Amino acid sequence: MIFRLLLSLSLSVLPLFGAARAQSASFDLDGPAIKAMVTRGAVTLPIGQVPQLAAGDRLHLSADLPADQLGKNMVVVAFLRGATSPPPKNWFVRIKPDKRKAGGSTVTVPAGAQQALVLLAPDVRGGFGALVSAVRGRPGIFVRAAQDMGQASLDRARLEAFLDGVGAIDASGAERLEAASAVLARSLAIRWNAECLQRRPSLQAACLTQNKEALVLHDGRGRTSLTDTLAGAPTDIAYRISATPQGGSGYYNPYIGLVRDVARLLGAFGTAQYQYIPALAFGRDNTLRLLLNTAPSFRKPHSVIVAPLPPVQQPELPTIRASEPNTITCLARREPVLAIQGAPLLYATGFARDMTLRFKTKAGESIDLPVKADPMSGGIVLPQPPAGDIALNPVVDATLHGYWGFDPFAGPRFTVQNEQLASWRAPQRAALIVGRDNELKLDGGAAACVEAVSFGYGSKPPGPVEWKPNGPQSLSMTLPLHKARAGSATLQVSQYGQRDPVRVPLKLFEEASRIDGFVLHAGDRSGVLKGTRLDQVAKLKLDRIVFAPGDLERVESADQLAMTSAADGLTDRLEPGQQMVAKVELKDGRTLSLPVTVASLRPRVALADRNVEPLSGSLPVALSVPSDGVVPHGATMAFSIRAEGETRFRGREAVEIGTEDGSSAVTVKMGNGLTMVDSQVLVARLDVSKGLGASAFGPLRFRLVKDGVHGDWQPLANLVRLPRLGAITCGETPPSCTLAGADLFLIHSVASDAGFSDAVQIPHGYTGTRVSIPRKPSGGLFMRLRDAPQVAVKAAVPDQGFGGSASATHGGEGSRLPGLEE
């Protein structure tokens, strides 16, 4: 009520130039009320529900006046038919009060009538005839008054609805004012001043409703002003006045134009007996509340109140449009709103009645649900959801139906859903990876009926997740998994109309293996899987061939996993260039698809011959190393390989030689250690110490490289390192000897006989330079080397001298092995 008081205090009178008397554009004076009911056929409606009259309609009217005024005033209903056609005298009907009853008379709308007016005036002698003469003498003035005041009355109805709505919002709390007032203004086509929301909350409502005549915008219906200036005023003066707060602050809107035009017309038309003043007719139920902009006079010239009745014309049905045609509305929500636009009178008047939302069930049966127009919601509201036993399709087209006065209308189509049994599900192959955000799509339910989505994993309670519809039956969301761990998780989807949320079980995974490729050569039972995180691979299927994982190697920044098939003969059927799709199954159950092209046949070769050249120079030549598969450091090795199967040499091949553990390798090429004998034989020559390095030892292997394709590794020889032996010194009694030398840790054991019956084990990692042997060697000294314990190496020992005790041999001189120095 505070903002209403502020409004009344802010209103002022705007002078109308050229008018017979000063009148205000603000209709704030309550006039008398008219009770009216309209009957068409068998249907009777209150006047507040009748937008248009039709010929033959029966109006039952009475003036709602105090009992002592019933005989002092007359109420006249006048029907008009055009600005240049005076109406017949019998189109003027005086409503006679009946003091014994409620009073009133019934009037039938004549054929040919176009407008209808109610004239209220003091009952003086000759008054009725004077009114009839005045209207018939200047019908155009009253036709214009009926048209403009009828339109202004509808505009005023929108304004009243806005004022009432803002008052209700203000009473419920200022925090709702910003959003709700904007929707309210948009619904009623009212100008909305956003700057008012910057004021203190207690002043916001008063600001939004000040200068109320300037708030009304044209609603797309009816007529606007005949002129854009004030009555009788020069154009420049009119524009200056319209720029004032009273004139609309620059918004010279249609509502102000209409009332000012009528005031000019009626104000200039008067007699010594009567002066005519306009009134707005504001219909509610069966009452027309008349609003005046000037106080009536009960002295000469008496005031005649001119008020419009609904026009007599063809039905003008509302042009309602769906403001969000692509939006799906859930009927299970509490009072769901179907947003509309283009029909502010739907909210401001009672013209629309018996409105329903009509749609069909799964069985094809039509269902009508009652709806109501709510300007604060911006659309049509469904007070009650459909009954739970009504089965609907997932997406349903619904149409607004109702009556506009006496005439039925069908509004726009809406798309609706009614969630009953939600069945949300995630894709079967949804890979949710921990450590990052993950996009997830759910399908199967009614997206419009989702109220909230929450997500939880492990011991973490579910928390809200932002989501959006991705279609009628689909949701999209982003799951925050930065701190999550692999395992089970749950997504909860809360639905309107359902008490319990729908639970969607999910599984969280570690970062999946990245599969870059699978190299498989025709005829091979083994291939190499390349990528990262290949430790997660459980198996690989290629058609009917199943490959099991083997050794995993890290090559630079990627993994290489050997995959071997146990199916004999199946891989032999694969042809070079054959394209297939492999299924890589991970240990957590996920499956990745991988395109595979079968590579060409590997080059196939066999070791033909091998030779080790004797040690030369300062090497311990007195050591006799078996030549069968043993290559000592410092020696030069030559070996030949022979092509097998379809393999043929073309002179562009290379041979890789390396240790079995992969720690050392060297490649010999044509002209640089590799010689082509013919298309079937190659000879390789290698100084093992220079090629593989001084630290290389153990089993050696080789493979052929042909046209960038590597053959299989094959055993070649055993590379051994030799100790440097110095002298053997033997004592006199008891017989014992001491072996001196360097790198004795390369000796596994030493003995004086080939059977190693008296073998002495050399400790692993021994760093000494002497070692005792049990007795004087006869026929040579035998050793097993650390790099090849299975091989016996013989050192030839010449005749030896005898020294003193063993302790004396450290400084004394004893036997020396030929070619070795101490």
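Because the structure is a prediction, the values reported are computed rather than measured.

The rules behind each value
Residues numbered from 1 in each chain as written. Predicted model: local features only at pLDDT ≥ 70, side-chain atom pairs only at ≥ 80, totals over all residues. Heavy atoms only, no water. Disulfide = S-S within 2.5 Å. Helix = DSSP H or I, 4+ residues; strand = E, 2+ residues; numbered from the N terminus. Buried < 20%, exposed > 50% of the residue type's maximum accessible area, 1.4 Å probe, protein only. Pairing = 2+ DSSP bridges. Axes fitted to C-alpha atoms, helices over the stretch in contact; angles between N-to-C directions. Phe/Tyr/Trp six-rings, centres within 6.5 Å; stacked < 30°, edge-to-face > 60°. Lys NZ or Arg CZ within 6 Å of the ring centre and 35° of its normal. Salt bridge = Lys/Arg side-chain N within 4 Å of Asp/Glu carboxyl O. Contact = heavy atoms within 4.5 Å. Polar contact = N/O pair within 3.5 Å; in protein donor to acceptor, adjacent residues only side chain to side chain.

Enquirer: What exactly am I supposed to notice about the state of the cysteines here?
Expert: Defined simply, a disulfide is a covalent bond joining two cysteines at their sulfur atoms. Taken as a whole and judged by the stated rule, the model has one disulfide. Note that C330 is cross-linked by a disulfide to C449, the S-S spacing being 1.9 Å. In this structure, the disulfide formed by C330 and C449 twists by about 100° around the S-S bond and is classed as right-handed. You can see C330 sitting in strand β12 (residues 328-330) and its partner C449 sitting in the loop between β21 (437-443) and β22 (450-457), a full 119 residues away along the chain. A single burial state applies to C330 and to C449, both of which are buried.

Enquirer: Teacher, can you tell me more about the sheet that holds strand β25 (residues 474-480) here?
Expert: Whether parallel or antiparallel, the strands of a sheet pair through hydrogen bonds between backbone atoms. Pairing within the open sheet is antiparallel, and its three strands lie in the order β21-β25-β24. Since the sheet does not close on itself, it has two edges, and those belong to β21 and β24 (467-469), each with one partner. Between one strand axis and the next, the sheet turns through 20° on average, direction left out of account. Alignment of β24 against β25, held across three bridges, turns out to be antiparallel. Residue W467 lies in a different strand from β25, and its bridge partner there is M477.

Enquirer: I'm lost on the sheet that holds strand β29 (residues 526-532) in this one. Help?
Expert: Strand order in this open sheet of seven strands is β28-β29-β32-β31-β30-β33-β34, and the pairing throughout is antiparallel. In this open sheet, the two edge strands, each paired with only one partner strand, are β28 (514-519) and β34 (591-597). With direction set aside, neighbouring strand axes in the sheet form an average angle of 30°. Across five bridges, strand β30 (residues 537-542) lies against strand β33 (residues 579-586) in antiparallel orientation. Paired with K539 across the two strands is E585, which belongs to β33.

Enquirer: What is the right way to look at the packing of aromatic side chains in this model?
Expert: Each aromatic ring pair is described using two quantities: the centre-to-centre distance and the angle formed by the ring planes. Throughout the structure, instances matching the rule amount to six aromatic pairs. Judged by centre distance (5.8 Å) and plane angle (45°), the rings of F455 and Y457 are tilted. Its relative accessible area of 5% is what places F455 among the buried residues. On the basis of relative accessible area, Y457 is assigned to the buried category, the value being 14%. Taking the centre distance of 5.6 Å and the plane angle of 50° together, the rings of F639 and F702 count as tilted. Placement of F639 in strand β38 (residues 636-643) and of F702 in strand β43 (residues 698-706) is noted, with a sequence separation of 63 residues between them. Taken as a pair, F639 and F702 share a single burial class, namely buried. By way of ring pairs, the aromatic residues F351, W404 and F409 are connected into one cluster. Lying over the aromatic face of Y403, R353 brings its terminal NZ or CZ to 4.7 Å of the ring centre. For the cation-ring pair, R784 lies above F756, with the distance from its terminal atom to the ring centre recorded as 4.4 Å.

Enquirer: Which parts of the structure should I look at to understand the pattern of salt bridges?
Expert: Here the idea is simple: oppositely charged side chains can pair when their charged atoms come close. Counting across every chain of the model gives 20 salt bridges. Among the salt bridges present, the one from R144 reaches D148, with a minimum N-O distance of 2.1 Å. Here D148 and R144 lie together in helix α3 (residues 139-172), a separation of four residues that amounts to about one turn. Measuring nitrogen to oxygen at the nearest pair gives 3.0 Å for the salt bridge that ties R353 to D354. Salt bridges here are not isolated pairs; linked through shared partners, they connect R40, D57 and D407.

Enquirer: Explain the environment of C330 to me, please; I cannot follow it from the model alone.
Expert: Classification of C330 by relative accessible area gives buried; the value is 1%. Each C-alpha atom of the pair C330 and N418 lies 5.7 Å from the other, and the pair is 88 residues apart in sequence. Not counting the four nearest positions on each side in its chain, C330 is found in contact with P336, Q417, A448, C449 and Y496.

Enquirer: Explain the environment of L338 here, please?
Expert: Tracing the backbone through its elements, the reader meets L338 in strand β13 (residues 337-341). For the pair formed by L338 and T327, sequence separation is 11 residues and the distance between their alpha carbons is 9.1 Å.

Enquirer: I tried to follow unusual backbone geometry on my own but got confused; where do I start?
Expert: For residues that are not glycine, phi is negative in most cases, and the peptide bond is trans in most cases. Even without being a glycine, R533 presents a positive backbone phi close to 55°. Residue classification places R533 among the partly exposed residues on the basis of a relative accessible area of 33%. Phi at D743 takes a positive value of approximately 55°, unusual for a residue other than glycine. Topologically, D743 is positioned in the loop between β47 (737-742) and β48 (747-751). The class for D743 is partly exposed, based on a relative accessible area of 32%.

Enquirer: Just to check I follow, could you spell out the side chain of S664 for this structure?
Expert: Following the sequence through the fold, S664 ends up in the loop between β39 (654-659) and β40 (665-670). Taking the relative accessible area as the measure of exposure, S664 reaches 12% and is therefore buried. Within the structure, the side chain of S664 is placed 3.5 Å from the backbone oxygen of L692, a separation counted as a polar contact. The residues contacting S664, other than those within four sequence positions of it, are I657, G658, T659, L692 and A696.

Take it as geometry only, folks, not as evidence of what the structure does.
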